[in-house]
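# Survey of secondary and tertiary structure
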There are 2 protein chains.
Amino acid sequence: MSSERLIYLPLGGAGEIGMNAYVYGYGPQGQERLVLVDLGVTFPDMDTTPGVDLIMPDMTWLKDRADRLEGIFITHGHEDHIGAIAHMYAHLNVPVYARAFTANLARRKMEEAGHDPANVHTVQAWPEVTKLGPFTIGVAPMSHSIPESGGLVIDSPAGRVVHTGDFKLDPNPLVGEPFDPEMWSEIAKDGVQALVCDSTNVFSQHPGRSEAELPEEITKLFSEAKGLVAATTFASNVARVKTLAEAGVKAGRSVVLLGRAMRRMIEAAVETGVLVDFPKTISPEDAGNVPRDNLMLITTGSQGERRAATAQLARGKYRGLELKEGDLFLFSSKTIPGNEKGVIRIINQFSEMGVDVVDDSSGLYHVSGHANRPDLEEIHRLLKPKMLIPMHGEHRHLRQHARLGEEKGIASAVVVNGMMMDLTGDAPKVTEWIETGRTYLDGTVKYGAMDGIVRDRIRMALNGHVVVTVILDEEDEPLGEPWCDVKGLPETGSSKAALVDVMEEDLNQFLMRAGAKTLRDDDKLEQELRRIARQSAFSEIGKKPEVTVVVSRMR
Amino acid sequence: MSSERLIYLPLGGAGEIGMNAYVYGYGPQGQERLVLVDLGVTFPDMDTTPGVDLIMPDMTWLKDRADRLEGIFITHGHEDHIGAIAHMYAHLNVPVYARAFTANLARRKMEEAGHDPANVHTVQAWPEVTKLGPFTIGVAPMSHSIPESGGLVIDSPAGRVVHTGDFKLDPNPLVGEPFDPEMWSEIAKDGVQALVCDSTNVFSQHPGRSEAELPEEITKLFSEAKGLVAATTFASNVARVKTLAEAGVKAGRSVVLLGRAMRRMIEAAVETGVLVDFPKTISPEDAGNVPRDNLMLITTGSQGERRAATAQLARGKYRGLELKEGDLFLFSSKTIPGNEKGVIRIINQFSEMGVDVVDDSSGLYHVSGHANRPDLEEIHRLLKPKMLIPMHGEHRHLRQHARLGEEKGIASAVVVNGMMMDLTGDAPKVTEWIETGRTYLDGTVKYGAMDGIVRDRIRMALNGHVVVTVILDEEDEPLGEPWCDVKGLPETGSSKAALVDVMEEDLNQFLMRAGAKTLRDDDKLEQELRRIARQSAFSEIGKKPEVTVVVSRMR
């Protein structure tokens, strides 16, 4: 059996924060039976992915080996872990396993995409396990910023792997199970071959803080507020939503949930029994009958998303409700890097209305869902793994985390997407480099990040666009003059004449002098017309636009 | 004389951080003689201003009143205060006044733009003053993160205004004058009618820290470093660049300045006598002969700018130099909101090389150049103004700062761009709302933010672009079939046929059925073809592209 091996291959999430997708395999080389852990998305931005709706890991490698895939485990319901499951399911088509709350969310996604939700199986928490080919897999409760996050205990003939998923060491997460050091000690007692571990907060030096530290301060804030109170957090942070709602009630306020995701998450949490005793809420319509200082809104859009409830309130009304001078708005959330400008825009819009905005800078109204550096050291101590593979982090996080492991004498490796590791021996070994990438969902189409589509969009955005149209007669002679249509370019440049007139004149000059050979050759003609249009624009406006040349021949 | 008044009108910088431009006027209503304070830029981003090179305040109001403009004062050399001076100078054409270092920078800009640098006049520090129409203006030294920042003391028959410019209360800024409370008390002793005051750090609760706190820690960091050491900061932070260089020398390293702005700033500071005893530097070429652990680079690009020295080093070589495993890179800077992703990209690239990155999160290697909340309270106490107008801040900063003033019994107002204030009485009064805006520099052309050019670019980036070409004969009958060229769109959609084929087929169907009236009418035809192309694309790929329709008629 020495030819059998245990492999680990991240297809997403290692070397980035987002679109998690980790493959484990066991068996003879090239015939390993496979399990996929998580299948998440990343969100696009204008800088690199304008017009894209969602970013997912390229699943080509796994698709080509779908016959070896035993199943998919989802650690928890955050979009970067669950978001691509329905979009990619058609290619994988194996059972999906998750705890009740996560499974509930996954089924909703499957249904929306037209897949059978019965493909999603609810598993009970550890010590219950699921047998999948050579693997036995259990989901052991972890505390995080969403209910029922699970660390996977993956057993194979090569030993036990613990894949933490996202976690923190919260003794009192308010909703869901606390972190249970005894359970994890017990899991580790016969040895952990490899710990594959969340690295998000490895640069945070202080021990992580408990969700339980927040209710008192939030209640105090709301009680002292005069007008209407509103607060935002991630809808999936069910414990926080509950804390906000309870604080509102204690402050004598009726609670309104605003935003589709907010209502859907609470619904899923109630349906699965994760959430009990959530305060009674009222509808936005009924809120109109409640005095403003007895009202509390809980809204989606903590990251400044333009279409979410928070941004809409900042621009004006949302479902008949609006904020006014003297109201309070709380961001019970941290702004993810890249979202600062959107969040700041909203804060300034509220400021213009006279609304007082409170954010997380005091540390009183938000705690992170990830393990900080001392917490990571604690989990290393508890699990005593033979090897450590940091995951869920950018390169800098993985490197820092691996360094932490090495300092404690654990064989550690920085493993990024596409590095297939053999975890069978005493230290992680690279066995192969797999080509990985990103798949974009754009409207209803999926295409690869390297297809050039987004590159062309960025170029048009940076440089503007010109259409050059030329018609040639049966003898390949120009029929009339060429003309230009521009988009995203100024109308006039240095000569004060219309930009299109200058370009058309230059193009016409060229056509009148062009030889028969050039005029007959589509590629050559197009190339020359493009060159002249760009040159002409450059001398007029100082930049070279993108050019589409349309040559029509009367043949 | 009671009909004469003192006015204040921000055209930029109030309600935003960037493109500062503040007008003061004194005289009968509508005939006030005017002075402009600062004329800066803001930097574009992909989200809102793709392809734009610089953003400047719209100067239309002032251009239309250029005959009433006496001069321009520049408080200091940061781009958001000086950056638009040469671009806008042709429209204003009045003397520019600044202290020596700032004037040196302004003259370089004037020369590059083809204006006479002699239009820039060097003024000495307070108590020297310049008479300009009804105004007497002095530049009183302020400490900031650039040498020779000045607070303006603007006297008119209606009293004294102090316009702080950017400042902090640094008793030992290392380069340039310390903050001088006695001088400012003296300036205030006969009363300050209005304090127009920097608001950038109003949310920072702790007293600001001195530049002098840094050298010891930075020297320690560099001395303990093993391989090559590199550090970045704003080139204009001459004190910091000096601290970095001196720390390098103390650590036994030869210093290399990398990046055009870095060399230019040091040159200007030496030329004007602001900087003395700057350590000897060596060229990048000579650096090749120095052992790596005796080398220190100081680089431009602390904000992640893609073309600056830091980003180039992160991608590979810059002027023959490169970083390696075990080297150290220090960000002696704060990341400005919106630049996080670019900076993080660089940190991860360095991480991949094995370079250790140190940033400002410990507080040991960077201090801010702006007054924090307690420092603002200190300046309020020192100057005892009758009224307070917060400037240099987003709306949230201005509002918070005005609140601070009100709490201390100072008549304060939140004044944003375009609000013309009468400062003559006991409290600031709005007298008029002026239309303000932004002017974009794009290549060699300037145009207004509302001209629709950038909007079209953003649409092409989000939606992709289709060119539809149709040729009609002398009878207005289609000559051949319509065709489509796409950019920034996937090649195939739901029907698996080429997207252009599907669109062309749909367009052809329409043309074959179209009546003579539609075919004769350019506008109608274009509108219909656009509609059909968008519909066709939507059913194929789930999104509606931008469309340019080119109708050619054989007349």
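Residues numbered from 1 in each chain as written. Chains lettered and ligands numbered in written order. Predicted model: local features only at pLDDT ≥ 70, side-chain atom pairs only at ≥ 80, totals over all residues. Heavy atoms only, no water.

## Looking at the packing of helix α12 (residues 373-383) of chain B against helix α13 (residues 395-407) of chain B
All names here are of chain B. The condition that has to hold: In this description, a line fitted to the C-alpha atoms serves as the axis of each element, helices being fitted only across the stretch in contact, and the angle between N-to-C directions of two axes falls anywhere from 0 to 180 degrees. Helix numbering and strand numbering both begin at the N terminus, where a helix is a DSSP run of H or I of at least 4 residues and a strand a DSSP run of E of at least 2. Convention used here: angles under 35 degrees read as roughly parallel, angles over 145 as roughly antiparallel, angles from 65 to 115 as roughly perpendicular, and any remaining angle as oblique. Left-handed describes a crossing in which the near helix is turned anticlockwise from the far one by less than a right angle; the clockwise case is right-handed. The contact definition used throughout considers only heavy atoms, calling two residues in contact when any of these lie within 4.5 Å.
At a minimum axis distance of 11 Å, the contact between α12 and α13 shows a crossing angle of 45°. Here α12 lies oblique to α13, going by the angle between them. For the crossing formed where α12 meets α13, the hand is right-handed. Two secondary-structure elements touch here, α12 through Arg373, Leu376, Glu377 and His380 and α13 through Gln400, His401, Leu404 and Glu407.

## As for the packing of helix α6 (residues 214-224) of chain A against helix α7 (residues 238-250) of chain A
Residues and elements named next belong to chain A. Two elements in contact, α6 and α7, have axes separated by 8 Å at closest approach and are oriented at 40°. Taken as axis vectors, α6 and α7 run oblique relative to one another. α7 is crossed by α6, and the crossing has right-handed handedness. Contacts between α6 and α7 involve Leu214, Pro215, Ile218, Thr219 and Phe222 on the former and, on the latter, Arg240, Thr243, Leu244, Ala247, Gly248 and Lys250.

## Some points on the nonpolar core
Convention followed: Note on terminology: a nonpolar core comprises buried Ala, Val, Leu, Ile, Met, Phe, Trp, Tyr and Cys residues joined through side-chain atoms within 4.5 Å. Relative accessibility under 20% of the residue-type maximum defines a buried residue, over 50% an exposed one, and the middle range a partly exposed one, all with a 1.4 Å probe and only protein chains included.
Of all hydrophobic cores here, the largest spans 70 residues; its most connected members are B:Leu36, B:Leu39, B:Leu62, B:Phe101, B:Phe222 and B:Ile298. Tallying contributions element by element places helix α7 (residues 238-250) of chain B first for this core, with six residues. Residues contacting B:Leu36, with those up to four places away along its chain left out, are B:Ala21, B:Tyr22, B:Val23, B:Met59, B:Leu62, B:Leu69, B:Gly71, B:Ile72, B:Phe73 and B:Leu92. Counting 69 residues, the second-largest nonpolar core is a separate cluster that includes A:Ile7, A:Phe101, A:Phe222 and A:Ala239.

## A few points about the sheet that holds strand β5 (residues 54-57) of chain B
All names here are of chain B. Put simply, the rule is: The pairing criterion is simple: DSSP has to find at least two bridges between the two strands.
Pairing in this open sheet of three strands is antiparallel, and the strands run β5-β24-β25 from one edge to the other. Either end of the sheet is taken by a strand with one partner, and the two such strands are β5 and β25 (445-448). Ignoring strand direction, the axes of neighbouring strands in this sheet form an average angle of 30°. Seen against the sheet, helix α3 (residues 85-92) touches β5, β24 (438-442) and β25 and runs at an angle of roughly 40° to β5.

## Overview of the pairing of strand β16 (residues 295-299) of chain B
Residue and element names in this part refer to chain B. Along β16, five of the five residues are buried, which leaves the element largely enclosed by surrounding structure. Residues Leu295, Leu297 and Thr299 line one face of β16 and the alternating positions Met296 and Ile298 line the opposite face, and both faces are buried. As defined by bridge partners, strand β14 (residues 229-232) adjoins β16 across four bridges and the pair is classed as parallel. By the bridge assignment, alanine 230 is partnered in β16 with leucine 297. Two strands pair when backbone bridges link them, and strand β15 (residues 254-258) and β16 are joined in this way by five bridges, in the parallel orientation.

## Describing the interface of chain B and chain A
Selection rule: The term buried area denotes the loss of accessible surface (1.4 Å probe radius) that occurs when two parts are joined, taken as the sum for both partners. Salt bridges are defined by distance alone: a side-chain nitrogen of Lys or Arg within 4 Å of a carboxyl oxygen of Asp or Glu. By the criterion applied in these results, polar contacts are pairs of N or O atoms within 3.5 Å in which, for protein atoms, one can donate a hydrogen and the other can accept it, and in which residues neighboring in sequence qualify only through two side-chain atoms. When residues are grouped by polarity, Ala, Val, Leu, Ile, Met, Phe, Trp, Tyr, Cys and Pro land in nonpolar, Asp, Glu, Lys and Arg in charged, and all others, Gly among them, in polar.
Between chain B and chain A, the residue contacts involve 59 residues of the former and 59 residues of the latter. The junction of chain B with chain A conceals about 5,100 Å² of combined surface from both sides, 60% of it contributed by carbon and sulfur atoms. Put simply, chain B and chain A have eight salt bridges between them. Between A:Asp356 and B:Arg403 there is a salt bridge, with the nearest N and O atoms lying 2.8 Å from each other. Linking chain B with chain A are 36 residue pairs in polar contact (both at pLDDT 80 or more). Every element with two or more residues in the side of chain B that touches chain A is listed here: α11 (340-353), α13, β25, α14 (453-463), β26 (465-472), β27 (483-487), α17 (522-541) and β28 (546-553) of chain B. Of the residues in the side of chain B that touches chain A, the class split is 24 nonpolar, 17 polar and 18 charged.

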